[in-house]
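Chain and residue survey
Listed below are the residues making up each chain.
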Amino acid sequence: MKKACWIAFIGFLGAQQTVLINPAAEGSFEGSHGWLTADQAGKPNRWCIGGAQSPSHGSACAYISNDAGCSRHEYSNSADTRVHLYRACLLYTS
């Protein structure tokens, strides 16, 4: 009687993905979050981080406000405004 012996090798070869900004950890808007804004001086709209807009996770989120105190989620269409929200991260090569 012949016996068969099978050896299976299952492998995966692909690019490894690295999370640069994790929304469940340091990438969130909670506490000391590290997000920075670059707003245009003298323009009405700006990025805000807080709870004026209902966040989808946690107690804070990023939103645009035309109020210097960031107490409401509203914006003005009366003037062109360029505002940026960013966070520094390291990009690795390999």
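Each value, and the rule that gives it
- Residues numbered from 1 in each chain as written.
- Predicted model: local features only at pLDDT ≥ 70, side-chain atom pairs only at ≥ 80, totals over all residues.
- Heavy atoms only, no water.
- Helix = DSSP H or I, 4+ residues; strand = E, 2+ residues; numbered from the N terminus.
- Buried < 20%, exposed > 50% of the residue type's maximum accessible area, 1.4 Å probe, protein only.
- Contact = heavy atoms within 4.5 Å.
- Areas by Shrake-Rupley, 256 points an atom, 1.4 Å probe, with all protein chains shown as cover.
- Polar contact = N/O pair within 3.5 Å; in protein donor to acceptor, adjacent residues only side chain to side chain.
- Salt bridge = Lys/Arg side-chain N within 4 Å of Asp/Glu carboxyl O.
- pLDDT = per-residue confidence, 0-100.
- Phe/Tyr/Trp six-rings, centres within 6.5 Å; stacked < 30°, edge-to-face > 60°.

1. Focus on the overall build of the protein chain
In terms of helices and strands, the protein chain carries 0 helices and 4 strands. Of the regular secondary structure in the protein chain, the N- to C-terminal order runs β-β-β-β. The buried share of the protein chain, taken over its 94 residues, is 17%. Partitioning the contacts of the protein chain with sequence separation of at least 6, the portion at a separation of at least 24 is 44%. Within the structure as shown, the protein chain displays about 7,900 Å² of accessible surface, and the carbon and sulfur contribution to it stands at 54%.

2. Quick notes on unusual backbone geometry
The backbone of Cys70 sits at a positive phi, close to 60 degrees, despite the residue not being glycine. Among the secondary structure elements, Cys70 is positioned in the loop between β3 (61-65) and β4 (84-86).

3. With respect to the environment of Ser65
With respect to the helices, strands and loops of the structure, Ser65 is situated in strand β3. Taking relative accessible area as the criterion, Ser65 reaches 0% and is therefore assigned buried. Reaching out from Ser65, the side chain makes a polar contact with the backbone nitrogen of Asp67 at a distance of 3.1 Å. Within polar-contact distance, the side chain of Ser65 engages the backbone oxygen of Arg72 at 2.8 Å.

4. Observations regarding the pattern of salt bridges
One pass over the full model with this rule turns up 2 salt bridges. For Arg72, the salt bridge is made with Glu74, and the minimal N-O distance between the two is 2.9 Å. Given a relative accessible area of 37%, Arg72 falls into the partly exposed group. Glu74 sits in the partly exposed class, given a relative accessible area of 38%.

5. Some remarks on the confidence of the model for the protein chain
A residue-level look at the protein chain finds 79% of positions with pLDDT of 70 or above and a mean pLDDT of 75. For residues 4-9, every residue scores under 50 in pLDDT, and the model assigns this stretch 0 contacts once sequence neighbours within four places are set aside.

6. Looking at the packing of aromatic side chains
Scanning the model with the defined rule gives 1 aromatic pair in all. Centre to centre, the rings of Phe29 and Trp35 are 5.3 Å apart; their planes meet at 40 degrees, and the pair counts as tilted. The partly exposed category is assigned to Phe29, whose relative accessible area is 21%.

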